[in-house]
Amino acid sequence: MNLNAPQDVHYDVIIIGSGAGGGTLAQRLAPSGKRILIIERGDFLPRERENWDTKAVFEQKRYLAKETWFDKDDKPFEPYTHYWVGGNTKVYGAALLRMREHDFGEVRHWGGVSPAWPITYDDLEPYYSEAEHLYSVHGTRAPGKRDPYDPKSSRDYPFGPIAPEPRIGELMCDLKALGTNPFPVPLGIRLNERDRAAPPSHLSQFDGYPDLTEAKADAHVVGIRAALKYPNVSVLTRAKVDRLESDPSGRQIREVLVTRDGQQMTLRADVIVLAAGAINSAAILLRSSSDTHPNGLANSSDQVGRNYMTHHNGCFLVVSSEPNPSQFQKHFAITDFYRGSADSPFPLGTIQLMGKPDPGTIEWLRGDQLPGEGIESIQNRTIDFFLTVEDLPSPGNRITLRPDGSLRVSYTPNNLEAYQRLETKLRELMTLAERGRGRSQPNFFASRLGVSGVSHQNGTLRFGIDPRTSVLDINCKAHDVDNLYVVDGSFFPSSSAVNPSLTIMANALRVGDHLIRRLGAINSVQREVAQA
């Protein structure tokens, strides 16, 4: 492992970013023997007591990127994004769901049509299975207990689901009695179940927190750490990629220009892979304009930065009259309305439990409800849900650069009818569930996330067959540049209504196999796998 990157070294592959896409790809390519450099804008996130300190994490924003971006009206905002080795997965909730088979085709919605992908679910399925095993996913595909819309799978999950705490198990039974099919949400967690001498793990501070124990299966712990065991892999931290320089033909990237700790660096490789997240990867290409690429690198289609999606995500808190002492309530999800309902011919989305919210989030959501009641009293009685609804690609929803080089995220919501209907479904279900236990009408604190909620960012460099309407080909190589690939969520043509992380990981494995063949390293990797 090398933590420095000499400028006189010519690499076989440079990977820009170390999150779900970049970290997974690095792990895939490491056994090839090829010289690989991972460039990460952040540093290694320290393991410290503040990892689980609610005030430090949420109020003081200790781990949040110190960034200011601008919305479509040029109003500044702080994006919820993180620059660390492992990217945003260092603080993600590790819900790892597959897109459904029909998501890969054209789907009609309340707000319009989401386009078909240029590959099918069957093309990605083996990589979904591999990613689930790589990231230690806990879940079930047992009849009667599985996700009712779980697509076909060639392998079962490597581990069974996490057991629910009593209050959550009770609610799961109540929702089943109301005719829905709640199921254990697939979670990427490393718990050493096969070690009989290992003590039990009791999870608590998880969603939004770094994991001091490293039980969370993030892209650093699973991907980068494994890759750095190989002497041919290096990582350069605290390094921001300023631009990519192409050769005179415009068909090859010849240099990666980087600023590290205030110093400029020039790095070179045969293959460049962008994995900086859908927003920053688009920004890097826009910053890399030249005579041969006047509108930004790889942008002959004028699609770079366009069709930005981030889901309609929202928090929905049920304030019950009954305490909820659960430490780790993130147990189940509901997809009964994923493709619609009796009163909706169009898809709605996914409901899942989330980690316990911090006091600031509760204060934001409550508005003027329950005046005079303290936050701690309310916090002890909430059951907390996260709603995800598909937003549709739109050319006007895009990433651009302002005159000073700062980022503008222009986003106008669409398909909101689906979100409103899904929220209504949850209100009805939780009202009936509480009444069924003889409890009073619950209060509901709810809000959809705004433009700063970029955790599910995708779609800015869509892949496709036609270079006139897409940035990348089906192998996620830029149509316009022969040695540029992308493995973050920007390749998505549509967003579906499940967390994007597992699809990003699976696609990184798929692209990794393509790159291994391109680099002529397939025999090296096969030998490594056989020895393992």
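Look a little higher up for the structure.
Residues numbered from 1 in each chain as written. Predicted model: local features only at pLDDT ≥ 70, side-chain atom pairs only at ≥ 80, totals over all residues. Heavy atoms only, no water.

A. Up close: the pairing of strand S11 (residues 239-246). As paired strands, S11 and strand S12 (residues 253-260) are joined by 7 bridges and run antiparallel to one another. Each bridged residue has a counterpart across the sheet, and for Ala 239 the counterpart in S12 is Arg 260. Hairpin connection, S11 to S12: the antiparallel pair is bridged by 6 residues, and Gly 250 has positive phi, about 80°. (Pairing = 2+ DSSP bridges. Helix = DSSP H or I, 4+ residues; strand = E, 2+ residues; numbered from the N terminus.)

B. Representation of the sheet that holds strand S4 (residues 76-77) in the model. Pairing is mixed in the open sheet, where 4 strands are placed in the order S4-S3-S19-S18. Only two strands of the sheet have a single neighbouring strand rather than two, namely S4 and strand S18 (398-401). Here S18 pairs with strand S19 (residues 407-410) via 4 bridges, running antiparallel. Bridge assignment links Arg 398 to a residue of S19, and that residue is Ser 410. On top of the sheet, helix H6 (residues 278-287) reaches strand S3 (69-71), S18 and S19; it is set at about 40° to S18, its chief contact. (Contact = heavy atoms within 4.5 Å. Axes fitted to C-alpha atoms, helices over the stretch in contact; angles between N-to-C directions.)

C. Quick peek at helix H1 (residues 20-29). Here H1 lies mainly inside the structure; 9 of its 10 residues are buried. Among the residues of H1, those classed as buried are Ala 20, Gly 21, Gly 22, Gly 23, Thr 24, Leu 25, Ala 26, Arg 28 and Leu 29. As for H1, its buried residues are in contact with strand S1 (10-16), strand S2 (36-39), helix H3 (121-134), helix H5 (219-227), strand S13 (263-274) and helix H10 (501-518). (Buried < 20%, exposed > 50% of the residue type's maximum accessible area, 1.4 Å probe, protein only.)

D. Geometry of the sheet that holds strand S14 (residues 312-319). Strands sit in the order S8-S15-S16-S17-S14-S20 across an open sheet of 6 strands; the sheet is antiparallel. This sheet does not close on itself; its edge strands, each paired only once, are strand S8 (183-184) and strand S20 (443-448). Two elements, S8 and strand S15 (residues 332-334), share 2 bridges in a ladder whose sense is antiparallel. Paired with Pro 184 across the two strands is Phe 332, which belongs to S15. Along the sheet face, helix H7 (residues 359-366) touches S14 and S20 and points at about 95° away from the line of S20. Contacting S14, strand S16 (350-353), strand S17 (382-389) and S20, helix H9 (residues 416-436) crosses the sheet at an angle of about 155° to S17.

E. Here's a closer look at the pattern of salt bridges. On inspection of all chains with the given rule, the structure shows 39 salt bridges. Glu 78 serves as the salt-bridge partner of Lys 61, at 2.9 Å between the closest nitrogen and oxygen. In this pair, Lys 61 is assigned in the loop between helix H2 (54-59) and S3 and Glu 78 in the loop between S4 and strand S5 (107-109), connecting sequence segments 17 residues apart. In this structure, the salt-bridge partner of Arg 306 is Asp 302, at a minimum N-O distance of 3.1 Å. Exposure remark for Asp 302: the relative accessible area of 36% places this residue in the partly exposed category. In this structure, a network of salt bridges that share partners links the residues Arg 98, Glu 125, Glu 132, Arg 141, Arg 146 and Asp 150. (Salt bridge = Lys/Arg side-chain N within 4 Å of Asp/Glu carboxyl O.)

F. Summary view of the nonpolar core. Ranked by internal contacts, the top residues of the largest apolar core, which has 113 residues, are Ile 14, Ile 16, Ile 39, Leu 244, Val 256 and Leu 484. Considering every element that reaches this core, the biggest residue donor is H10, with 9 residues. Leave out the neighbours within four places in its chain, and Ile 14 touches Leu 37, Ile 39, Val 256, Leu 267, Arg 268, Ala 269, Val 271, Ile 272 and Val 273. (Core = buried A, V, L, I, M, F, W, Y, C linked by side-chain atoms within 4.5 Å.)

That is the geometry; function is a separate question.
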